[in-house]
Amino acid sequence: MTMLPFLAAGWIFLAGVYGMVTSRDIIHAVGCLAVTQSSTYVLLLTVGYRRGGIAPYFTDTPLRTRTVDPVVQALALTDVVVGATVTALLLALAIQIRKRHGTVDPDALTGLKG
């Protein structure tokens, strides 16, 4: 197994985290969070990959045939759905922040007012 996909997942993760840390806009931070989460897709698919593996249909394949792991594929698909949901929720919150405070700059936001 090669280390390249693991390094790519790590690089994507670090790029997303760097973008979140240096972000001066809530919308930009949400986009960087989506990039950070996409590194988990690469990582999950790397873990489930098998060289020479076939699709996991067990009705007509002989015993001892190398197949890819279907559980990891299901986890990656679930991760995509959860990522889209979280991104949509955070963008909706950013819209509400913009409506109530007039800005999406985290430094310009003040404390809670009663």
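Residues numbered from 1 in each chain as written. Predicted model: local features only at pLDDT ≥ 70, side-chain atom pairs only at ≥ 80, totals over all residues. Heavy atoms only, no water.

For the protein, an unreviewed UniProt entry supplies the name Dehydrogenase and the organism Streptomyces monashensis. Annotation of the protein in UniProt includes, under Sequence similarities (unreviewed entry), the sentence "Belongs to the CPA3 antiporters (TC 2.A.63) subunit C family." The protein has a UniProt comment under Subcellular location (unreviewed entry) that states "Cell membrane". (UniProt positions renumbered as here; feature names shortened; annotations may be inferred.)

Caption draft 1: The overall build of the protein, seen in detail. Across its full length, the protein holds 3 helices and 0 strands. Each helix (α) and strand (β) of the protein, taken in turn from the N terminus, gives the series α-α-α. Residue burial in the protein is summarised as follows: out of 114 residues, 18% are buried. A separation of at least 24 residues holds for 54% of the contacts in the protein among residues at least 6 apart in sequence. (Helix = DSSP H or I, 4+ residues; strand = E, 2+ residues; numbered from the N terminus. Buried < 20%, exposed > 50% of the residue type's maximum accessible area, 1.4 Å probe, protein only. Contact = heavy atoms within 4.5 Å.)

Caption draft 2: Focus on the packing of helix α1 (residues 4-21) against helix α2 (residues 26-48). Look at α1 against α2: their axes get within 8 Å of each other, and the N-to-C directions meet at 165°. Judged by the angle between their axes, α1 and α2 are roughly antiparallel. Between α1 and α2 the crossing geometry is left-handed. Contacts between α1 and α2 involve Pro5, Phe6, Ala9, Ile12, Phe13, Gly16, Val17, Gly19 and Met20 on the former and, on the latter, His28, Ala29, Cys32, Leu33, Val35, Thr36, Ser38, Ser39, Val42, Leu43, Thr46 and Val47. Across the contact of α1 with α2, the residue classes break down as 14 nonpolar, 7 polar and no charged. (Axes fitted to C-alpha atoms, helices over the stretch in contact; angles between N-to-C directions. Parallel < 35°, antiparallel > 145°, perpendicular 65-115°, else oblique. Left-handed = near helix turned anticlockwise from the far one by under 90°. Nonpolar A, V, L, I, M, F, W, Y, C, P; charged D, E, K, R; others polar.)

Caption draft 3: Quick peek at the pattern of salt bridges. Applying the stated criterion across every chain, the model contains 1 salt bridge. Of the charged contacts in the structure, one is a salt bridge between aspartate 107 and arginine 24, with a shortest N-O distance of 3.0 Å. Pair noted here: aspartate 107 is in the segment after α3 (70-101) and arginine 24 is in the loop between α1 and α2, with a separation of 83 residues, a long-range link. On the accessibility criterion, aspartate 107 (55% relative accessible area) is exposed. (Salt bridge = Lys/Arg side-chain N within 4 Å of Asp/Glu carboxyl O.)

Caption draft 4: Structural context of the UniProt feature "transmembrane region" (unreviewed entry) in the protein. This chain's UniProt record puts "transmembrane region" (unreviewed entry) on residues 71-95. Taken end to end, residues 71-95 is 100% helix and 0% strand, and its first and last C-alpha atoms sit 36 Å apart.

Caption draft 5: View of the side chain of serine 23. Residue placement: serine 23 occurs in the loop between α1 and α2. Judged by relative accessible area, serine 23 falls into the buried class, the value being 8%. Among the polar contacts listed, one links the side chain of serine 23 to the side chain of histidine 28, at a separation of 3.3 Å. (Polar contact = N/O pair within 3.5 Å; in protein donor to acceptor, adjacent residues only side chain to side chain.)

Caption draft 6: How the structure looks around α2. When the terminal C-alpha atoms of α2 are compared, their 34 Å separation across 23 residues agrees well with the 33 Å that a helix rising 1.5 Å per residue should span. Packing partners of the buried residues in α2 comprise α1 and α3. (Expected span 1.5 Å × (residues − 1).)

Caption draft 7: Broad picture of the environment of leucine 14. With respect to the element layout, leucine 14 can be found in helix α1. Between the C-alpha atoms of leucine 14 and valine 72, which are 58 residues apart in sequence, the distance is 23 Å.

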